[in-house]
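Coordinate analysis (summary)
Here are the chains, one letter per residue:
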Amino acid sequence: MNLYLRYFDRETLVYSADEAIDFLCSIPEIGMNPDLEQDIREYAESDVYYPKRYKVRPRVYFIVIKTEAATMLDFKQKKALRSNNNNTERRDTPTAMSRLNEEKAGWYEGILDFKRVVLVPSTGKHEYRDTRFVAQCKALSGLDCYNRIVEHLSARVDHRSQFPSAKGKNFKFKYLGMWK
């Protein structure tokens with residue numbers, strides 16, 4: 001794995017952590033120290049592929065990016081992007097949105113975490129409370145299940161209560177089977 005380093009208009013593609021440290025030592029503003037040197041070595045040896053940004057002074061950084069590019073030209077032309085072997089698997093698995101909209105009539109169990117407005121008797125004021133509501137209902141899709149649950153709750157809780165988006169992490173559903 002190679003490393004691409006950039007500090008303003010100075011950039012390089014190196015083949016080891018030692019070469020990266022030598023490049024950074026050649027720039028006096030960076031102020032290479034043992035902690036920074038150790039961090040760069042750990043980053044180069046790790047399995048982490050996201051770019052790493054190091055602060056030089058307020059609003060001034062240098063970046064280090066892992067790449068499989070053999071030359072600077074390859075890196076600039078994005079020829080050595082890290083390949084994902086499971087790209088085909090990802091396309092085959094349904095996304096959350098496609099699962100939500102998938103038409104499959106039957107029984108669904110929906111779990112909705114929402115902010116419910118309740119009266120605090122001791123103060124006479126209202127506050128938001130995290131509330132979980134679980135229901136089994138007949139629906140045509142996950143989205144229909146969500147809409148039925150929200151419609152049911154809106155008629156029974158304070159109108160200021162806040163319901164999450166069907167696409168978010170606060171709504172989960174599962175298909176239980178066909179109705180009879």
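Before reading further, recall that the structure is shown in the block above.
Residues numbered from 1 in each chain as written. Predicted model: local features only at pLDDT ≥ 70, side-chain atom pairs only at ≥ 80, totals over all residues. Heavy atoms only, no water.

Comments concerning the pattern of salt bridges
In this structure the tally under the stated criterion is 11 salt bridges. Among the salt bridges present, the one from R41 reaches D18, with a minimum N-O distance of 2.6 Å. With R41 in helix α2 (residues 34-45) and D18 in helix α1 (residues 17-25), this pair connects stretches of sequence that are 23 residues apart. Residue classification places R41 among the partly exposed residues on the basis of a relative accessible area of 28%. E37 serves as the salt-bridge partner of R41, at 3.1 Å between the closest nitrogen and oxygen. Pair noted here: R41 and E37 are both in helix α2, with a separation of 4 residues, about one helical turn. When salt bridges with common partners are traced through the structure, they connect D18, E37 and R41 into a single cluster. (Salt bridge = Lys/Arg side-chain N within 4 Å of Asp/Glu carboxyl O. Helix = DSSP H or I, 4+ residues; strand = E, 2+ residues; numbered from the N terminus. Buried < 20%, exposed > 50% of the residue type's maximum accessible area, 1.4 Å probe, protein only.)

With respect to the packing of α1 against α2
Interaxial distance between α1 and α2 falls to 9 Å at its minimum, and their mutual angle equals 145°. The chirality of how α1 crosses α2 is right-handed. The segment α1 lies against α2, with A17, D18, A20, I21 and L24 engaging E37, I40, R41 and A44. (Axes fitted to C-alpha atoms, helices over the stretch in contact; angles between N-to-C directions. Left-handed = near helix turned anticlockwise from the far one by under 90°. Contact = heavy atoms within 4.5 Å.)

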